[in-house]
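Overview (structure and organization)
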Amino acid sequence: MAIEQYQRDFIEFAIANGVLVFGEFTLKSGRQSPYFFNAGRFNTGSALAKLGQYYAAAIHAKGDSINYDVIFGPAYKGIPLSAATVIALATGEAQRDVPYSFNRKEKKDHGEGGNIVGAPLAGNVLIVDDVITAGTAIRESIEIINDTGAKLAGVVVAIDRQEKGGKSGRSAIQEIESEYKIPIVAVVALDTIVEYLREKGAEYATMLKAMEEYRSKYGATYN
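This section reports on the structure supplied with the text.

Analysis parameters
- Residues numbered from 1 in each chain as written.
- Predicted model: local features only at pLDDT ≥ 70, side-chain atom pairs only at ≥ 80, totals over all residues.
- Heavy atoms only, no water.
- Core = buried A, V, L, I, M, F, W, Y, C linked by side-chain atoms within 4.5 Å.
- Buried < 20%, exposed > 50% of the residue type's maximum accessible area, 1.4 Å probe, protein only.
- 1 Å grid on protein atoms, 1.4 Å probe; cavity = no way out; pocket = protein on both sides within 12 Å on 5 of 7 lines; lining within 4 Å.
- Points joined across faces, edges and corners; volume = space filled by probe spheres on them.
- Helix = DSSP H or I, 4+ residues; strand = E, 2+ residues; numbered from the N terminus.
- Nonpolar A, V, L, I, M, F, W, Y, C, P; charged D, E, K, R; others polar.
- Phe/Tyr/Trp six-rings, centres within 6.5 Å; stacked < 30°, edge-to-face > 60°.

1. Thoughts on the nonpolar core
Of all hydrophobic cores here, the largest spans 44 residues; its most connected members are Phe10, Phe37, Phe42, Tyr68, Ile71 and Ile193. With 20 residues, the next largest nonpolar core counts Ala150, Val155, Ala172 and Ile184 among its residues.

Here's what the structure looks like:
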């Protein structure tokens, strides 16, 4: 598979910031994973600004296949991610000034009230978040969008683990794409990371072997 330059840059950026690490990790599912991705480690101004650029690049790369009017960031991790993304869209290659909003966990009964902060959810709404694991948080966001009468345009995440969930042969991302008939865009996927390691050759040979074995065991089914 071909890796886009922004994807290669993102992987190196994630490794440099300790966000993408290799080793032995026990996931919430109980699986032993040879890698771990922790977007919370993008915790400085410069890192967040750069991260927004990669989200914007992934969105821009899709061209007209994603039609969106508003960016929505689910509380809590999606809030800084959505803000960073719209800044990058406005100042980067896309040159597009997009409104954004996010939700409160609890409704506010004074001041402006409600549980949505920022631009009104109207038209086509694109969700920006870090990852989709079980899909619970994304489904909550979809309910919020539907309640306003707006339309879900799609979802953008940093990484698609391309990992089957439970007894299903499909991943959470595949399930949501199928259920809601929307595109889900990831800056990188497990396949992208594996290909990057393969490009690096001997330097990452041990990691590549572990990643390929993990993908063979837990990789989602694609028909």
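2. Some thoughts on the layout of surface pockets
Of the pockets and cavities examined, the largest pocket occupies roughly 1200 Å³. Lining the largest pocket are 46 residues, with Val131, Ile132, Thr133, Ala134 and Gly135 positioned closest to its centre. When contributions to the lining of the largest pocket are tallied by element, the ones reaching two or more residues are strand E2 (32-37), strand E4 (100-108), helix H4 (136-148), strand E7 (151-160) and helix H5 (172-180). With seven residues, H4 is the single largest residue contributor to the lining of the largest pocket. Its residues placed into classes, the lining of the largest pocket shows 17 nonpolar, 13 polar and 16 charged. Approximately 290 Å³ is the volume attributed to the second largest pocket. Around the second largest pocket sit 17 residues that line it, and Gln7, Lys62, Val185, Ala186 and Ala189 are the ones nearest its centre.

3. Some words on the packing of aromatic side chains
Applying the stated criterion across every chain yields a total of ten aromatic pairs. Seen in terms of ring centroids, phenylalanine 10 and phenylalanine 37 are 6.2 Å apart; in terms of plane orientation they differ by 40°. Their pairing is tilted. Within this pair, whereas phenylalanine 10 is found in helix H1 (residues 5-16), its partner phenylalanine 37 is found in strand E2, the two being separated by 27 residues in sequence. Of the two residues, phenylalanine 10 and phenylalanine 37, neither departs from the other in class, the shared state being buried. Ring centres of tyrosine 214 and tyrosine 218 lie 4.9 Å apart, and the angle between their planes is 55°; on these two criteria the pair is classed as tilted. Residue tyrosine 214 and its partner tyrosine 218 are both found in helix H7 (residues 205-218); the two are separated by four residues, about one turn of the helix.

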